[in-house]
Amino acid sequence: MSLTRAKSLETLYAECEAFDRVLVPEAPLASALNRRLDGPQFGPFAITPRRLAAGRREESEDRLAFLAVIDRLDLPWKEAAHVVGNVLQCWEHEGSVDAILEYDAFAGEPTERVVECVADLDTTSGRLAGFSIDADTSVAVVGIDQLTALERSILPDEYETVDPFTDEPFDHSPFRILDSPAAIVDALLETVTPENADDVGVVLDAGGQYSPLVESALEAAEVPYYGGPGFADQPDHRAFLGLLRSAHAGRDTRVGDVRPLLTHLGHGVDVEHDEKRLRDLDHPGTDWLVAFAEGIESHTFGTALDEFESVTDASLPAFREELGALGILEERVTEPAVDRLAFYLETYDVPVDRENEGVLLADANTAAYVDRPLVFLLGIDEGWTRSSPRRPWVDRDREFERQIRQFQLLLQNGVDQQYLVQDTAGGTPVTPCLYFEELFDEAFERFDDLDSVRHARTARSPGGGFEREPLDVEPGRVEAISQSSLSTYVNCPRDYLFGRLVDGPDRDYFAEGNLFHDFAEFAVAHPDAVADADLDEVADVILKEVDPFLREIDREVRRTKYRVGLETIVEFLEANPPEGEAFVTADGGRGRNFFAEYYDRAVDAPHAERWFENDDLGLKGKIDLVHGRDHLIDYKSGAKSSPTSVVKRSALDPPSDRPNFQALLYLTHHRADRPDERLQFTFFHFLETLEDVLRGEADLEDCLTTVTYHPTPFAEHVAGREVFTELREDAAGDCRKTFEQVEYDAYEAVLRDHEFPEADDSDDLLASSLGRALIDRMRAAVGEYRYVENGCTQALRHLRRIRERNYFSDDLDAFEAFVDERLAEVNARRAGAERFPVEGPGGEPNYRYVDHRDCILEGWTR
């Protein structure tokens, strides 16, 4: 099967002009034919059966029937809507209002009552059932297959049919593939202007992503349009419903949940508060909303609307009228009542008065004719596919054929058709409308498999959007990078970019972490004050600061967590006080300290919270605790990692899928001051033993993860006498037994002459040149004993563990070069040399650790 050419509107008019009456399946086609009349006409010429029978514009009779049923019958709203829909649909397909009662699965007392109620109403279906066209009227029917049984019931015995299709194939224009919905909207605005708006039609899925984008873009470009947002989508209507919902959302409602409502009310609240509970936020912008929610039980829908109108300076007479039609204007605003109202607005289209000028926005799921010279069809994806009702009175095969015919008509509207589509979205192929499977002979899975043309995104033309003005400003350079920014950049450069551009909300763990760090700094500066402090009181203070982020049921658990964390920090600092009189990094400490203000004591601890910016290396950061000249400590509230995991996550070639360069970066900076010394970096996970503390079994050592930097290359280090001694004294049994019998020179000669292999498997280690040489040398020195080979295997494993748990001078040298490369990339991209890509040095990002996920399309690498 292939696309069949549709007759032009001029051809259809020519075939119908001799008839007294022309029946068509939809109003847009009737209007198009009537506009082509070239002489006076008595009565309607082209018209839909419903409008002919009713003598008025077609109304949404499902809504009117629903309003009548809930007014006259005591039925729940959802049940009423379900039964009304079935009755009207069966009437449409069977031609009789009580036909549904012949289906046992649907007959019953509620259905009988609804049938009786609907039969008494003045509906277009009722008028159709009692209407017939005079026998002496000449009638032509365009697309009779598109008419329902009820609509065909008004036809006289004799009439002519006009097929809207020819016998010729239709060669559609190519699908124009663009990169994104925004690019599609840009392409639309390249053509549409206020001057030509009346000549343009846009067909889209009204419930899809394109509808709000197109409406916003046309409004921004001051291009008139009609056929856009419905009653429920009016900003004031949507905001009022959101207000009623928020009032019943509970005490744990977050500021971010009601941000659109706050914006509509004209109350600006910084995004940093988004994760805080609305009712616990001390901010003038939320006062009215909180007060309204607390008094919601005293409101009726009418009084609530009064308050909303007074605050927003809006007038909503249509909404008030609809509340009256529903009979709830004087009803209390309970949560079930709000749910019923929301259901009604989601289910039924309330009529909206529109100015019929400008770009015509047509819904792909309702229209078949768009009488405009230039028609854009956007998306043409799965959202354009209709689902046939699964009801026994519906002939699904016939319904599918009707939909196929309507789809073909829709594709051929206008003198010029432009099909603007996406081939992929978020890295996933976009599935074309399923009707294409029936219409095209060729096999395909995506638009790129069909006749298509790819288009790069272009800037909007003047007056059609945003223009760039050249700025004679040199881009600022990034001279140093922090460990968190570097980790983010390596995982996903574009996520790093958005982190610089977009503010994010505060989180409970940010607030907790900062307070614990402030307490630890205060404890270093004033150990006497902390020794005398009531830690229960301190825990309460932290809880009060974090409380806006917490649910009520979490508070006691968090308080216990804070108490244990404070105890662990105090115990650690008492057992491990910082060494030395003072230690000053490149810069001093930075920022305010909450507990310094709380206890009214200055904090100037030379060991704690030491900020550095090392422009020579391009590194910056804050050291939580300089424990001594060769030992740095960082406080962590998260789960503990092993030394192996710390080193693995700081890998450079290739980077880890969870990059974290903190230990490596801080040791690299510290090496600049202590170039030939062995250095240590310890993560102090002060909540790691939380459960152990509660059981009385805590061991402070379980909180510590330490990695060591050795100021020599790895190969030199493992060939040294210190490691040889470890093999003789600390390694596994056969290793000790073997190496106790050899001299250091024999061991050193093997390690000097052979490179340590990059292998994880023991068999691969033994099969390497180093493994074979070590076994040969040990056998020559010890003898042909079975334990010798196993001892060498244990030795190689021991050396590999040293490699995996420590840093060496060649690691830090490689890291310095790595940072230089990344900074060069960042500055080149900031200067506009290229876009910040999605993929980092390690390839596809780990999206679990992308902070601005909603700003990044998965699989989009450009």
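Everything here concerns the structure above.
Residues numbered from 1 in each chain as written. Predicted model: local features only at pLDDT ≥ 70, side-chain atom pairs only at ≥ 80, totals over all residues. Heavy atoms only, no water.

Caption draft 1: Seen up close, the overall build of the protein. Counting secondary structure elements, the protein contains 36 helices and 21 strands. Dimensions along the principal axes, computed over C-alpha positions, put the protein at roughly 120 × 65 × 65 Å. Looking at the protein residue by residue over its 862 residues, the buried ones come to 48%. Of all intrachain contacts in the protein linking residues separated by at least 6 positions in sequence, the fraction that spans at least 24 positions is 73%. Accessible area of the protein: about 42200 Å², with a carbon and sulfur share of 44%. (Helix = DSSP H or I, 4+ residues; strand = E, 2+ residues; numbered from the N terminus. Buried < 20%, exposed > 50% of the residue type's maximum accessible area, 1.4 Å probe, protein only. Contact = heavy atoms within 4.5 Å. Areas by Shrake-Rupley, 256 points an atom, 1.4 Å probe, with all protein chains shown as cover.)

Caption draft 2: Geometry of the environment of alanine 140. Along the chain, alanine 140 falls in strand β4 (residues 139-142). Here alanine 140 falls in the buried class, since its relative accessible area comes to 0%. Counting along the chain gives 120 residues from alanine 140 to aspartate 20, while the straight-line C-alpha distance between them is 8.2 Å. Setting aside its immediate chain neighbours within four residues, alanine 140 contacts Phe19, Arg21, Val22, Leu23, Glu160 and Val162.

Caption draft 3: Quick peek at the environment of glutamine 412. Examined against the element boundaries, glutamine 412 turns out to sit in the loop between α17 (396-411) and β12 (416-422). The exposure class assigned to glutamine 412 is buried, which follows from its relative accessible area of 11%. Spatially, the C-alpha atom of glutamine 412 lies 9.8 Å from that of aspartate 171, the residues being 241 residues apart in sequence. Here glutamine 412 is in contact with Thr4, Arg5, Ala6, Phe165, Phe170 and Gln417, once residues within four sequence places are set aside.

Caption draft 4: Spatial organisation of the sheet that holds strand β8 (residues 200-204). Taken in spatial order, the seven strands make up an open sheet running β9-β10-β8-β11-β12-β7-β15, and their pairing is parallel. At either margin of the open sheet sits one strand with a lone partner, and together these are β9 (225-226) and β15 (452-454). Bridge count for β8 against strand β10 (residues 359-363) is four bridges, and the pairing is parallel. For glycine 201, the partnering residue across the bridge sits in β10 and is leucine 360. Set on the sheet, helix α9 (residues 181-191) makes contact with β7 (175-178), β8, β11 (374-378) and β12; between it and β12 the angle comes to about 160 degrees. The strands touched by helix α10 (residues 210-220) within the sheet are β8, β9, β10, β11 and β12, with β10 carrying the most contacts at an inclination of about 170 degrees. (Pairing = 2+ DSSP bridges. Axes fitted to C-alpha atoms, helices over the stretch in contact; angles between N-to-C directions.)

Caption draft 5: Quick peek at the pairing of β11. Taking burial as the measure, the five residues of β11 include five buried ones, the bulk of the element. Here β11 shows two buried faces, one formed by Leu374, Phe376 and Leu378 and the other by Val375 and Leu377. Strand direction decides the pairing type here: β8 and β11, joined by four bridges, are parallel. The partner of valine 200 across the bridge, within β11, is leucine 374.

Caption draft 6: Spatial organisation of the packing of aromatic side chains. Under the definition given, this model contains 47 aromatic pairs. Relative to phenylalanine 436, the ring of phenylalanine 407 has its centre 5.2 Å away and its plane inclined at 75 degrees; by these criteria the two rings are edge-to-face. Placement of phenylalanine 407 in helix α17 and of phenylalanine 436 in helix α18 (residues 435-439) is noted, with a sequence separation of 29 residues between them. For phenylalanine 407, a relative accessible area of 4% translates into the label buried. (Phe/Tyr/Trp six-rings, centres within 6.5 Å; stacked < 30°, edge-to-face > 60°.)

Caption draft 7: Inspection of the nonpolar core at higher detail. Ranked by size, the top nonpolar core spans 82 residues in total, and within it Phe66 and Leu341 carry the most contacts. When residues of this core are assigned to their parent elements, the largest contribution, nine residues, is made by helix α5 (residues 77-94). Among residues more than four places away in sequence, those in contact with phenylalanine 66 are Trp77, Ala80, Ala81, Val84, Leu326, Tyr344 and Tyr348. Counting 38 residues, the second-largest nonpolar core is a separate cluster that includes Leu535, Val538, Tyr562 and Ala608. (Core = buried A, V, L, I, M, F, W, Y, C linked by side-chain atoms within 4.5 Å.)

Caption draft 8: Expanded view of the sheet that holds strand β20 (residues 704-710). As summarised here, the arrangement of the six strands in space is β16-β17-β18-β19-β20-β21, forming an open sheet in which the pairing is mixed. Whereas interior strands pair on both sides, the edge strands pair on one side only; in this sheet they are β16 (608-614) and β21 (806-808). Put simply, the sheet's adjacent strands are angled 35 degrees from each other on average, direction ignored. Inspection of the sheet shows strand β17 (residues 619-628) paired to strand β18 (residues 631-636) by three bridges, in the antiparallel sense. Note on β18: the bridge partner recorded for glycine 628 is histidine 631. Against the sheet, helix α24 (residues 555-575) touches β17, β18, β19 (679-685) and β20, its axis set at about 150 degrees to β19. Contacts between helix α35 (residues 786-805) and the sheet are confined to β20 and β21, with β21 contributing the most and set at about 80 degrees to the helix.

Caption draft 9: Fine view of the side chain of threonine 689. By the element assignment, threonine 689 lies in the loop between β19 and α28 (690-695). In this structure threonine 689 touches Thr568, Ala698, Asp699, Asp702 and Cys703, once residues within four positions along its chain are discounted.

Caption draft 10: Structural view of the pattern of salt bridges. Summed over all chains, the structure comprises 57 salt bridges. With its nearest N and O atoms 3.5 Å apart, the salt bridge here joins arginine 245 to aspartate 339. Note that arginine 245 is positioned in helix α11 (residues 235-247) and aspartate 339 in helix α16 (residues 335-347), a separation of 94 residues in sequence. In this structure, the salt-bridge partner of arginine 454 is aspartate 423, at a minimum N-O distance of 3.0 Å. Within this pair, whereas arginine 454 is found in strand β15, its partner aspartate 423 is found in the loop between β12 and β13 (424-425), the two being separated by 31 residues in sequence. Accessibility expressed as a relative area gives 1% for aspartate 423, which makes it buried. Residues joined by salt bridges that share partners form a network here, namely Arg251, Asp252, Arg277, Asp280, Asp547, Glu552 and Arg555. (Salt bridge = Lys/Arg side-chain N within 4 Å of Asp/Glu carboxyl O.)

Caption draft 11: Highlighting a negative patch on the surface. Residues Glu571, Glu574, Glu688, Asp699, Glu701 and Asp702 make up a contiguous surface patch of negative charge. Relative to the assigned elements, aspartate 699 resides in the loop between α28 and β20. Its relative accessible area of 40% is what places aspartate 699 among the partly exposed residues. (Patch = residues over 30% accessible without salt bridge, like charges linked within 9 Å, V, L, I, M, F, W, Y side chains within 5 Å. Lys, Arg positive; Asp, Glu negative; His and termini not counted. Charge placed at Lys NZ, Arg CZ, Asp CG, Glu CD.)

Caption draft 12: View of the packing of helix α21 (residues 508-525) against helix α23 (residues 535-546). Taken N-terminus to C-terminus, the directions of α21 and α23 make an angle of 145 degrees; their axes are 10 Å apart at the nearest point. Crossing hand, α21 versus α23: right-handed. Taking contact as the criterion, the partners of Asp508, Ala511, Glu512, Leu515, Phe516 and Phe519 in α21 are, on α23, Leu535, Val538, Ile542, Glu545 and Val546. (Left-handed = near helix turned anticlockwise from the far one by under 90°.)

Caption draft 13: Up close: the pairing of β12. For β12, the buried fraction is high: six of the seven residues fall into the buried class. Pairing analysis gives four bridges linking β7 to β12, with the strands arranged parallel. Directly across from arginine 176, in β12, lies its bridge partner leucine 420. Relative to β12, β11 is paired through five bridges, and the arrangement is parallel. Looking across to β12, one finds that leucine 374 is bridged to aspartate 416. Following the chain from β11 across α17 to the adjacent parallel β12, one finds a crossover that is right-handed. (Right-handed = clockwise from strand over helix to strand, strands pointing away.)

Caption draft 14: Local environment of the packing of α11 against helix α13 (residues 287-294). The N-to-C vectors of α11 and α13 enclose an angle of 65 degrees; their axes lie 8 Å apart at closest approach. Both α11 and α13 take part in a crossing whose hand is right-handed. Listed contacts from α13 to Leu243, Leu244, Ser246 and Ala247 of α11 are Trp288, Leu289, Phe292 and Ala293. For the contact of α11 with α13, the class distribution of residues is seven nonpolar, one polar and no charged. (Nonpolar A, V, L, I, M, F, W, Y, C, P; charged D, E, K, R; others polar.)

That is the geometry; function is a separate question.
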